[in-house]
Amino acid sequence: MLTAYIDFKAPASYLAFEPTLRVLKDRGAAVQWKPFRCWDRPIPNEVQDPSVSARHRRVRAQSRLRIHQHYAELRGLEMHWRESPGSSDRALGVLALWSGDATRFIESCYRAYWVQGQDLNDADVVNGLAVTAGWTGEAPNIDAALGALEREQEEGELRGIVDAPAYVVSEHMFVGREHLPWVRELL
């Protein structure tokens, strides 16, 4: 069993989703998807006389963006960037409450955020995505979803998760999509 921590607004999570599904299929493994809220920041604005640390933060943020764009282009994925990443808390909360296979919901959320530019913290958008992906019963209770997200976030942090995607196989934890070959081997 693989436990995979994701955040819909994290570009590395989006880029890792399809490769993770391929690993699972190749190994005949099951997955437990867990939400994990990342703290992505927008690229800092350029200022007249930046300090060394401000210039460093800007250069690193621009470099990360270029790397993510490069990998998206290599794979033919659409990725529309925002000035500010916003929040995906409501969608992550619904993922925390999801019963059964959440793959269709996750696909829908990634597409909604990265391709269509939708707000994954808007209750109507998230409820629509959940129903379309197979949510059964009444629409998800957003307050309960946000509480479930907080519990999952705390559990992930106690486990040592610091970013998404993160993978746990047995007692082994890997943070970052670049570790998928190790995850494959362990599975």
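Residues numbered from 1 in each chain as written. Predicted model: local features only at pLDDT ≥ 70, side-chain atom pairs only at ≥ 80, totals over all residues. Heavy atoms only, no water.

1. A few points about the environment of W182
Stage number 1. Note that W182 resides in helix α7 (residues 180-186).
Stage number 2. Considered as a pair, W182 and V169 are 13 residues apart in the sequence and their alpha carbons are 9.8 Å apart. (Helix = DSSP H or I, 4+ residues; strand = E, 2+ residues; numbered from the N terminus.)

2. Comments concerning the pattern of salt bridges
Stage number 1. This structure, assessed with the given rule, holds eight salt bridges.
Stage number 2. Between R75 and E18 there is a salt bridge, with the nearest N and O atoms lying 3.7 Å from each other. Taken together, the residues R75 in helix α2 (residues 52-75) and E18 in helix α1 (residues 11-27) connect sequence positions 57 residues apart.
Stage number 3. According to the relative accessible area criterion, R75 is partly exposed, its value standing at 31%.
Stage number 4. Taking relative accessible area as the criterion, E18 reaches 40% and is therefore assigned partly exposed.
Stage number 5. Of the charged contacts in the structure, one is a salt bridge between D26 and R184, with a shortest N-O distance of 2.8 Å. Separated by 158 residues along the polypeptide, D26 in helix α1 and R184 in helix α7 bring together distant segments of the chain.
Stage number 6. Connected via shared salt-bridge partners are K34, E152 and E155. (Salt bridge = Lys/Arg side-chain N within 4 Å of Asp/Glu carboxyl O. Buried < 20%, exposed > 50% of the residue type's maximum accessible area, 1.4 Å probe, protein only.)

3. Some details on the pairing of strand β3 (residues 166-169)
Stage number 1. With burial as the criterion, each face of β3 is covered, one bearing A166 and V168 and the other bearing Y167 and V169.
Stage number 2. In terms of strand pairing, strand β1 (residues 2-6) meets β3 through four bridges, oriented antiparallel. Of the residues in β3, the one forming a bridge with T3 is V168.
Stage number 3. Of the pairings in the sheet, the one linking β3 to strand β4 (residues 172-175) comprises four bridges and is antiparallel in character. Bridge pairing in β4 places Y167 opposite F174.
Stage number 4. Turn length for the β3-β4 hairpin, with the two strands adjacent in sequence and antiparallel, is two residues, and the turn residue S170 shows positive phi of about 55 degrees. (Pairing = 2+ DSSP bridges.)

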